[in-house]
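The lines below spell out each chain.
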Amino acid sequence: MNGANLYASGFGRTRGDVLLSGAVYAAVAAVVGLSGWLLYDLLSHGLGPLSMTFLTAEVEASGRAGGIAPILLSTLLILTVCLLSAVPLGLASAIWLSEYADLSRGLGRAVHHSLDVLAGVPSIVFGLFGNAFFCVYLGLGFSILSGGLTLACMVLPIFIREAEEGLRAVPQSYRLSAAALGFSQTRTLFSILLPAALPGILVGLVLGVGRALAETAALIFTSGYVTRTPESLLDSGRSLSIHIYDLSMNVPGGEANAYASALVLVALLVVINTTASWASARFGLVRRAI
Amino acid sequence: MRATPIAIVAALLLTLGACNASGPGHKTETLVVTGSSTVAPLVSDIARRFEGENPGVRIDVQTGGSSRGLSDVRRGLASIGMVSRSPKDGEDDLQWTAIAKDGLALIVHADNPVEALSADQVEAIYRGRVEDWGLVGGQPAPITVVNKAEGRSTLEVFLSHFGLGSRDVRSSVVIGDNQQGLKTVAGNPDAIGYVSIGAAELEAELGTPVKLLRLGDAVPSTDAVRSGSYPIARTLHLVSGESPSGLATTFLDYCRSPDVADLIEGQYFVPLAG
Amino acid sequence: MFPSRGDRLLLPGLRTAALLTGGVVVLLLAFLIVEAWPGLRAVGLTRFFTDPSWHPAGEEGTFNLAPMLVGTLAAAAGALAFSSPLALGSALFCHYFAGQAQATLYRRLIEVLAGVPSVVYGFWGLVVLVPLIRRLEPPGASLFAGILVLTIMILPTLMLSADAAFAAIPEDYFKAAAALGLSRPAVIAHVVLPASRGGLATGLMLSTGRAVGETMAVLMVCGNVVQTPDSLFDPIRTLTANIALEMAYALGDHRAALFVSGLVLMGLVIALVLAAATVVREPA
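Cut-offs used in this document
- Residues numbered from 1 in each chain as written.
- Chains lettered and ligands numbered in written order.
- Predicted model: local features only at pLDDT ≥ 70, side-chain atom pairs only at ≥ 80, totals over all residues.
- Helix = DSSP H or I, 4+ residues; strand = E, 2+ residues; numbered from the N terminus.
- Buried ≥ 20, exposed ≤ 12 C-beta atoms within 10 Å, placed from the backbone.
- Contact = placed C-beta atoms within 7 Å.
- Nonpolar A, V, L, I, M, F, W, Y, C, P; charged D, E, K, R; others polar.
- Axes fitted to C-alpha atoms, helices over the stretch in contact; angles between N-to-C directions.
- Parallel < 35°, antiparallel > 145°, perpendicular 65-115°, else oblique.
- Left-handed = near helix turned anticlockwise from the far one by under 90°.
- Pairing = 2+ DSSP bridges.
- pLDDT = per-residue confidence, 0-100.
- Core = buried A, V, L, I, M, F, W, Y, C linked by C-beta atoms within 7 Å.
- Right-handed = clockwise from strand over helix to strand, strands pointing away.

**Considering the overall build of chain B**
When its secondary structure is counted, chain B shows ten helices and twelve strands. Sorting the 274 residues of chain B into buried and exposed places 49% on the buried side.

**Remarks on the overall build of chain C**
Scanning chain C from N- to C-terminus turns up twelve helices and two strands. Going from N to C terminus, chain C has its helices and strands arranged as α-α-β-β-α-α-α-α-α-α-α-α-α-α. When the backbone C-alpha atoms are referred to their principal axes, chain C occupies close to 75 × 60 × 30 Å. By residue count, 59% of the 284 residues in chain C fall in the buried class.

**Digging into the interface of chain A and chain B**
Taken together, the contact between chain A and chain B spans 27 residues of the former and 30 residues of the latter. Within the residue set of the side of chain A that touches chain B, elements represented by two or more residues are α4 (69-100) and α12 (240-249) of chain A. With five residues, the single largest contributor to the side of chain A that touches chain B is α4(A).

**Focus: the interface of chain A and chain C**
Contacts between chain A and chain C engage 88 residues on the former and 91 residues on the latter. If one sorts the elements of the side of chain A that touches chain C by residue count, helix α2 (residues 15-46) of chain A sits on top with 15 residues. Tallied by class, residues from the side of chain A that touches chain C come to 56 nonpolar, 25 polar and seven charged.

**Focus: unusual backbone geometry**
Omega for the peptide link from C:P138 to C:P139 comes to 5°, which places this bond in the cis form. Counting through the fold element by element, C:P139 comes out in the loop between α5 (118-136) and α6 (143-167). At B:Y268, a residue that is not glycine, the phi angle is positive and equals roughly 65°. Mapped onto the secondary structure, B:Y268 falls in the loop between α10 (261-266) and β12 (270-271).

**So, the packing of α6(C) against helix α9 (residues 197-213) of chain C**
Residues and elements named next belong to chain C. With their axes 8 Å apart at the nearest point, α6 and α9 run at an angle of 160° to one another. It follows from the interaxial angle that α6 and α9 lie roughly antiparallel. The hand of the α6/α9 crossing is right-handed. Of the residues in α9, those in contact with L150, M153, I154, T157, L158, S161, A162, A164 and A165 of α6 are G198, G199, L200, T202, G203, L204, L206, S207, R210 and A211. A per-class count over the contact of α6 with α9 returns eleven nonpolar, seven polar and one charged.

**What about the pairing of strand β6 (residues 144-148) of chain B?**
For a regular strand, the rule is simple: side chains alternate between the two faces of the sheet. All names here are of chain B. Counting buried residues in β6 gives five out of five residues, a clear majority hidden from the surface. Burial along β6 is two-sided: the face carrying T144, V146 and K148 and the face carrying V145 and N147 are both buried. Note that β6 and strand β8 (residues 191-196) share two bridges and pair parallel. Counted as the bridge partner of T144 is A191 from β8. Here β6 pairs with strand β7 (residues 173-175) via three bridges, running parallel. Paired with V146 across the strands is V173, a residue of β7.

**Looking at the confidence of the model for chain C**
All names here are of chain C. Mean pLDDT for chain C: 88, with 96% of residues reaching 70 or above. Model confidence for chain C, summarised as mean pLDDT per element, is weakest for helix α12 (residues 252-279) at 85 and strongest for helix α3 (residues 66-97) at 94. We note a pTM of 0.88 for the whole complex and an ipTM of 0.86 for its interfaces.

**Considering the nonpolar core**
B:I107 and C:V221 are the most contacted members of the largest nonpolar core, which has 275 residues in total. Here the element with the most residues in this core is α6(C); it accounts for 19 residues.

**Considering the pairing of strand β2 (residues 57-61) of chain B**
Residues and elements named next belong to chain B. As paired strands, strand β1 (residues 29-35) and β2 are joined by five bridges and run parallel to one another. Bridge pairing in β2 links V32 to D60. Crossover handedness for the path β1 to helix α2 (residues 40-53) to β2: right-handed.

**With respect to the environment of A:S44**
Residue and element names in this part refer to chain A. Residue placement: S44 occurs in helix α2. Judged by the 10 C-beta atoms lying within 10 Å of it, S44 is exposed. The sequence separation of S44 and Y259 amounts to 215 residues, and the corresponding C-alpha distance is 9.0 Å.

**Considerations on the confidence of the model for chain B**
Considering every residue of chain B, the mean pLDDT works out to 87; 89% of them sit at 70 or more. Within the model, the stretch residues 16-25 of chain B combines pLDDT values under 50 with five contacts to residues more than four positions away or in other chains.

**Notes on the environment of A:V24**
All names here are of chain A. Assignment of secondary structure puts V24 in helix α2. Judged by the 22 C-beta atoms lying within 10 Å of it, V24 is buried. Considering only alpha carbons, one finds V24 and S98, 74 residues apart in sequence, at a separation of 32 Å.

**Looking at the packing of helix α5 (residues 106-119) of chain A against helix α7 (residues 144-168) of chain A**
The packing of two helices is summarised by the inter-axis angle and the distance between the axes. Residue and element names in this part refer to chain A. Closest axis-to-axis distance for the α5/α7 pair is 8 Å, and the angle between their directions is 130°. On the basis of their axis angle, the class for α5 and α7 is oblique. In terms of crossing hand, the pair formed by α5 and α7 is left-handed. Contacts between α5 and α7 involve L115, L118 and A119 from the former and L156, P157, I158, I160 and R161 from the latter. Partitioned by chemical class, the residues of the contact of α5 with α7 number seven nonpolar, no polar and one charged.

**Quick word on the environment of B:R152**
Mapped onto the elements of the fold, B:R152 is located in the loop between β6 and α5 (153-161). Linking B:R152 and B:S84, residues 68 residues apart in sequence, is a C-alpha distance of 8.9 Å.

The structure is reproduced here in structure tokens:
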């Protein structure tokens, strides 16, 4: 960071630099402008109906009235199932791909490419597949479990590719030093590689959580549409994103609560992401001190 | 790290099994209902009330389209299917129960001076023979024709009413659900589309800039659909297998009973007479 | 070396995990093929590209997917063209222009964009963007609207991948560059970009996947008329929108034809992946 900061402090101003700065600030302005516009739209429509009771009340009249308590719970459960299955599996795959596999041929190449293909599968196809495989073939029915596992399939390629890139960016010298110190492979992995690759892994996690929370089409056919408070993971439960979809596309007069639900979803995401990056900062510091 | 996912799934399943086993002792009977996204919000509301009146019963309503309702009932994945249209040839292997009516209104932007169109004018517009509002009594401007996607039941009802084939329509925008149609027309002063009357009435009341067009002399309103004086309407159905279970039969009867008329009206559909 | 007991279990375990994740695609493809098979057999693959139009319902169905393939590609390519400079600029900003606090705040903003549901993007596009575009050129719902919405949707993936790639560049590179007296543009052009090529390629790959596979938002703003676009302002239908619009009511051959849409889309993604693999040399 120090080297980079040298430039942030204005070292080496040239005409090229002025041009570059102009381009960069223009891009940033465009992004801030567009997203500000979008978020302002969300805030201005969504803040009205938002209240504590909205978060704690049951759904009434198809969502036009009442709150979103059961839906929040279902959403969190679906996300938990998704992350509990996608993160360990994804991390293991990413480690294998970056540390052990030969990506130019054979299995390594096949897995690597198949993940890229998986990233381009439309969510509705995931939904139909998840319904056929998890709900019907494995007999899990419309359930939070089916939904979470379907989402896991969807989030895997994103998480793996980012984690893999993070691992690959760890300098070779780290591995050599660990080997020279006589560290076992397992110890190298857990004490050196994974902590060093944390930024990449974290980006994968953030993008994965974002994707999972935002997903609609893959969940309509798997976790389902039921607005009752789920009693187990085998119950059907409607996610926030489906609720937003249904209210905005299907329920006349549902727009106000659709906006409010969207705002809740965005807030939830901010909380999760902030917690993740705070935790990783702490975790990262502890590791660096060793 | 090895076989973690399998272990996790297994652990989850075990926990679940344990939860269920140690849960309340009484047995719950569950009915799965799947199908049309148009009907799903209504049946969800009905199911909620039914559950309240019949403890120990759970009705799980899932959505995904009329075709899903039909195929799930045929494959035994659901006891009841929701279908937003009337039966076609070759579909009498299932029992069809009508629960509500839904009229279709032609809508334009609130700023459009046109108040009514004749059936011939509508047909000409959708065939692409009339492409300018000036020719049908409006301000001269190219008409944006909003049509529904192929296979949707509102499209079929609309086409058959005006004697059109799906290939005859020259559309500028193709939409899916009602609300998308309303938003498209509300954002385009030169657009014409058709949506559920109830949904259009409500949105117009809420201040969305859309206007329901008279079709000749017929005024589109839920009242007119109820009295039968407005010509374009479809019937929403529940389908079930040859011999539905006791619970399914009870629920089907409940959906047809006057007890749920207020819920049907709450979704801006029209209860069937009786 | 001295492999511990953990080490002996490590590699087989990792390989099993990788096999499992690789297997998801195989399962998915198999599922698609099984569902599409009746359609492929009844209609034949060639007719999906040579039929006069897409009117799959009814007796004499016609099944041309080619215009939708073009529409999908055009929308994805347009979105990448718009989004890439924005994302690159944003990532450069976070690392070499902004202070720590600014950068964190900006990243949080982008992360929020990553989690906004497609419906919300679609809704915003339909209510805000489409009427604006209509003023330029009716009907508004168009390829251009789709490109703009997709641009914002893929931005987080592109930007955060680039950001992580920049973060991974070893400190020594900058010290060396500073010692050489290189200016900021020169460092970015000759140090930062080459050193982060792998991460940039990953982001590009993932966001192409997202752009091609995105459904709901595109469905709401693109107009969905099945036609090969002549201009940016023509309405188009993408393969994904086709599935989402019609699946709800499709039966028989029509339903199978929609699965063929899915299969064609997968074929497209596979082709893109293979093309990308030959262009960007795989990191070893």
